[in-house]
Amino acid sequence: MLRSGLILKIQNKYTSLRLNDIENIVDLFFKKIFLALQNNQNIEIRNFGTFSKKINKEKYVRNPKTNKKIFKVASNKIHFKIGKILHQRINKDIHLNNE
């Protein structure tokens, strides 16, 4: 789902809110997540999952085409661990189809 689709779904459900207000709420939500990750904090959304920042160590990697060694500097990545209830909801249809 795109950001614009999320905003439209919220607008359809809560018709009393203006579009600009919904956009500001969505932007603020993502900004808070970004700032928390930037400050090495974990974000836990109950029944959904947890976002955390992990560090990829610096290392030598090999270019498979030329077989040349290249030094890759350390970088950050975002790790998401799915929550138990979200995992159950996603897999509920799969389990019903297999039985």
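As a reminder, the structure under discussion sits directly above these lines.
About the criteria used
- Residues numbered from 1 in each chain as written.
- Predicted model: local features only at pLDDT ≥ 70, side-chain atom pairs only at ≥ 80, totals over all residues.
- Heavy atoms only, no water.
- Core = buried A, V, L, I, M, F, W, Y, C linked by side-chain atoms within 4.5 Å.
- Buried < 20%, exposed > 50% of the residue type's maximum accessible area, 1.4 Å probe, protein only.
- Helix = DSSP H or I, 4+ residues; strand = E, 2+ residues; numbered from the N terminus.
- Contact = heavy atoms within 4.5 Å.
- Patch = residues over 30% accessible without salt bridge, like charges linked within 9 Å, V, L, I, M, F, W, Y side chains within 5 Å.
- Areas by Shrake-Rupley, 256 points an atom, 1.4 Å probe, with all protein chains shown as cover.
- Salt bridge = Lys/Arg side-chain N within 4 Å of Asp/Glu carboxyl O.
- Lys, Arg positive; Asp, Glu negative; His and termini not counted.
- Charge placed at Lys NZ, Arg CZ, Asp CG, Glu CD.
- Pairing = 2+ DSSP bridges.
- Axes fitted to C-alpha atoms, helices over the stretch in contact; angles between N-to-C directions.
- Phe/Tyr/Trp six-rings, centres within 6.5 Å; stacked < 30°, edge-to-face > 60°.

Right, let's talk about the nonpolar core for a bit. In terms of nonpolar packing, the biggest core is built from five residues, these being Ile-33, Ala-36, Leu-37, Ile-43 and Phe-51. For this core, the leading source of residues is helix 2 (residues 19-38), giving three residues. Here Ile-43 is in contact with Ile-33, Ala-36, Leu-37, Gly-49, Thr-50 and Phe-51, once residues within four sequence places are set aside.

In this fold, Leu-37 is placed in helix 2. Remark: the alpha-carbon pair of Leu-37 and Ile-10, spanning 27 residues in sequence, is separated by 25 Å. Apart from the residues within four sequence positions on either side, Leu-37 is in contact with Ile-43, Phe-51, Ser-52, Lys-53 and Ile-78.

Further remarks concern a positive patch on the surface. Together, Lys-54, Lys-59, Lys-72 and Lys-77 make up a positively charged patch on the protein surface. Among the structural elements, Lys-59 can be located in strand 3 (residues 59-62). Judged by its relative accessible area of 45%, Lys-59 falls in the partly exposed class.

The subject of this paragraph is the sheet that holds strand 2 (residues 49-56). In space, the three strands of this open sheet follow the order 1-2-5, with antiparallel pairing throughout. At either end of the open sheet lies a strand with only one pairing partner, and these are strand 1 (43-45) and strand 5 (75-82). Pairs of neighbouring strands in the sheet enclose a mean axial angle of 25°, with direction left out of account.

Residue placement: Ser-52 occurs in strand 2. Residue class for Ser-52 comes out buried when judged on its relative accessible area of 11%. The contact partners of Ser-52, leaving out residues within four places of it in the chain, are Leu-37, Asn-42, Lys-77, Ile-78 and His-79.

The final tally for this structure, using the stated rule, is four aromatic pairs. Ring geometry for Phe-29 versus Phe-30: centroids 5.4 Å apart, planes at 70°, classification edge-to-face. Between Phe-48 and Phe-80, the ring centres sit 5.5 Å apart and the planes meet at 55°, which makes this aromatic pair tilted. Residue Phe-48 is located in the loop between strand 1 and strand 2, and its partner Phe-80 is located in strand 5; the two are separated by 32 residues in the primary sequence. Judged by its relative accessible area of 36%, Phe-48 falls in the partly exposed class. According to the relative accessible area criterion, Phe-80 is partly exposed, its value standing at 33%.

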